[in-house]
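Report on the structure
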Amino acid sequence: MVSYKELGLVNSRELFKKAMEGQYAIPAFNFNNMEQLQAIIMACVETKSPVILQVSSGARKYANQNLLKNMAKGATEYAHELGCDIPIVLHLDHGDSFELCKSCIETGFSSVMIDGSHLPYEENIALTRKVVEYAHPFDVTVEGELGVLAGIEDEVSAEHHTYTRPEEVEDFVKRTNVDSLAISIGTSHGAFKFKVKPGEAIPPLRFDILKEVEKRIPGFPIVLHGASSVPQDIVAEINQYGGDIQNSAGVPEDQLRTASRSAVCKINIDSDGRLAMTAAIRKVLSEKPGEFDPRKYLGPAREKLKALYIHKIINVLGSADKA
Ligand code: G3H
Ligand code: 13P
Ligand code: ZN
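Reference entry: report on the structure contained in this document. (Residues numbered from 1 in each chain as written. Chains lettered and ligands numbered in written order. Predicted model: local features only at pLDDT ≥ 70, side-chain atom pairs only at ≥ 80, totals over all residues. Heavy atoms only, no water.)

With that settled, the discussion passes to the overall build of the chain. Helices and strands together make up the secondary structure of the chain, namely twelve helices and ten strands. Rg of the C-alpha trace for the chain: 19 Å, near the compact-globule value of 20 Å for 323 residues, within the 12% margin. Structurally, the chain occupies a C-alpha span of about 60 × 50 × 35 Å along its principal axes. Per-residue burial for the chain yields a buried fraction of 57% across its 323 residues. The long-range fraction of contacts in the chain, counting pairs at least 24 apart against all pairs at least 6 apart in sequence, stands at 76%. Within the structure as shown, the chain displays about 14,000 Å² of accessible surface, and the carbon and sulfur contribution to it stands at 52%. The chain carries 36 positive and 44 negative side-chain charges, and their two centres are separated by 2 Å. (Helix = DSSP H or I, 4+ residues; strand = E, 2+ residues; numbered from the N terminus. Rg over C-alpha atoms; globule rule 2.2 N^0.38 Å. Buried < 20%, exposed > 50% of the residue type's maximum accessible area, 1.4 Å probe, protein only. Contact = heavy atoms within 4.5 Å. Areas by Shrake-Rupley, 256 points an atom, 1.4 Å probe, with all protein chains shown as cover. Lys, Arg positive; Asp, Glu negative; His and termini not counted. Charge placed at Lys NZ, Arg CZ, Asp CG, Glu CD.)

Pasting the structure below:
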């Protein structure tokens, strides 16, 4: 058993409390490799933002759990070396079983998500409560989910949104004792969130549902998944350098800015980072076809990623100077 406290990490409780009071959201950025982690830490130190490092079960398989644990420990030391001990949470993204959550808690995660959103309501409650009962004695925070996002969540895919039913949230939170709640208000995972024809507006998020949720569980931290904006200039760059990404669409950043001023305390962004890295790598490899030193294309990818994260922190989440 390794406690996250030995690794220099924190859980999300205090961060969410401050985010709620200060009307901003904590960035939750996914990582799978060193360059992504470096970009996240560099951006967060430069802007003095707290951060949630997210690891999906796919990332855990890809990168190895021991390496990930030591990378997170290294991240706290790296931040210190860069000059600011920003609060860092290591969070399991979309945990799908009690065993996975338990294993993450035992290997240094300070926060876990148990995603029972695809289960019948009572089963979601039972599973979430079981994870909370295991996590809390270790002072690990737990995120649950009510409502299903359209798109793909790890191996599970749903064609349509099942919006969160505000009438369920109070009961769910009370009976599970969960620390934060992901809700479904129209966001979805990936780079193809909305099927809109050229020139057509992207449908707005269901802020009415969010307001109703806030009314029923005042002051309770809410999480938004699927919050990439799919910047069209980055998609155009990918396509300019040989890529083929068509009909992509994301959540407009002004809507996320509005959400971050509400009870939404955590905003999950993964796809935008993937797009930024891909654009930078394609550009180098297309302009310099003879290049074969990975540092020569992963370095620029890291820079582009860092710039993207700084933009998100300052202009979308509002978490700069909150470390
Ligand atoms: O919500 C999903 C995240 O973007 C993680 O994606 O399962 O492909 O690592 P992944
Ligand atoms: P995006 O695919 O919109 O980046 O969402 C990421 C996410 O929700 C991770 O849990
Ligand atoms: Zn998600």
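The next subject is the packing of aromatic side chains. Counted by the stated rule, this structure contains four aromatic pairs. Look at tyrosine 134 and phenylalanine 138: their rings are 5.2 Å apart centre to centre, the planes differ by 50°, and that puts the pair in the tilted class. On the basis of relative accessibility, which here comes to 19%, the residue tyrosine 134 falls in the buried class. These aromatic residues form a ring-pair network of at least three members: Phe98, Tyr134 and Phe138. When the ring centre of phenylalanine 98 is taken as origin, the NZ or CZ atom of lysine 130, which lies over that ring, is 4.4 Å away. (Phe/Tyr/Trp six-rings, centres within 6.5 Å; stacked < 30°, edge-to-face > 60°. Lys NZ or Arg CZ within 6 Å of the ring centre and 35° of its normal.)

Generally speaking, soluble globular proteins have nonpolar side chains that are buried together. Counting 91 residues, the largest nonpolar core has Phe31, Leu53, Ile88, Leu181 and Ile222 as its most contacted members. Other than its neighbours up to four places away in sequence, leucine 181 contacts Gly144, Glu145, Leu146, Val169, Phe172, Val173, Ile217, Phe220, Pro221, Ile222 and Val223. With nine residues, the next largest nonpolar core counts Leu15, Tyr24, Ile52 and Cys265 among its residues. (Core = buried A, V, L, I, M, F, W, Y, C linked by side-chain atoms within 4.5 Å.)

The subject of this paragraph is the site of ligand 2. Asp93, Lys193, Ser228, Asp270 and Ser271 are the nearest of the 16 residues found near ligand 2. Between ligand 2 and glycine 190 there is a distance of 2.8 Å, counted from an oxygen atom to a backbone nitrogen or oxygen. Note that an oxygen atom of ligand 2 is positioned 2.5 Å from one of the side-chain N or O atoms of lysine 193. Class assignment for the residues of the shell around ligand 2 results in two nonpolar, eleven polar and three charged. (Near = heavy atom within 4 Å. Polar contact = N/O pair within 3.5 Å; in protein donor to acceptor, adjacent residues only side chain to side chain. Nonpolar A, V, L, I, M, F, W, Y, C, P; charged D, E, K, R; others polar.)

Among the secondary structure elements, arginine 257 is positioned in helix 10 (residues 253-260). Once the C-alpha coordinates of arginine 257 and asparagine 315 are considered, the two residues, 58 residues apart in sequence, prove to be 7.5 Å apart. Every residue in contact with arginine 257, bar those within four places of it in the chain, is listed here: Asn315, Val316, Leu317 and Gly318.

Okay, the pattern of salt bridges next. Charged atoms that come close allow side chains of opposite charge to pair. As enumerated under the stated definition, the model contains 22 salt bridges in all. The residue aspartate 293 makes a salt bridge to lysine 296 at a minimum N-O spacing of 3.8 Å. With relative accessibility at 18%, the residue aspartate 293 sits in the buried group. Within the structure, one salt-bridge network assembled from shared partners comprises Lys5, Arg13, Asp139 and Asp179. (Salt bridge = Lys/Arg side-chain N within 4 Å of Asp/Glu carboxyl O.)

Here histidine 91 lies in strand 3 (residues 88-95). What makes histidine 91 buried here is its relative accessible area of 1%. Among the polar contacts listed, one links the side chain of histidine 91 to the side chain of serine 111, at a separation of 2.8 Å. Ignoring sequence-local partners within four residues, the contact set of histidine 91 consists of Ile52, Leu53, Gln54, Val55, Phe109, Ser111, Val112, Met113, Glu143 and Lys266.

Our focus in this paragraph is helix 10. Each full turn of the α-helix corresponds to 3.6 residues, which orients residues three or four apart in the same direction. Looking only at helix 10, the buried set comprises Gln255, Leu256, Arg257, Ala259 and Ser260. Elements in contact with the buried residues of helix 10: helix 8 (207-216), strand 9 (222-224), strand 10 (264-269) and helix 12 (294-317).

Binding of the zinc ion (ligand 3) to the protein goes through His94 (NE2), His189 (NE2) and His225 (ND1), at separations of 2.1 Å. In primary-sequence terms, the residues that donate to the zinc ion (ligand 3) follow H-x94-H-x35-H. Pair noted here: histidine 94 is in strand 3 and histidine 189 is in the loop between strand 8 (180-183) and helix 8, with a separation of 95 residues, a long-range link. (Donors = N, O, S within 2.8 Å, 3.2 Å for Na, K, Ca; no water.)

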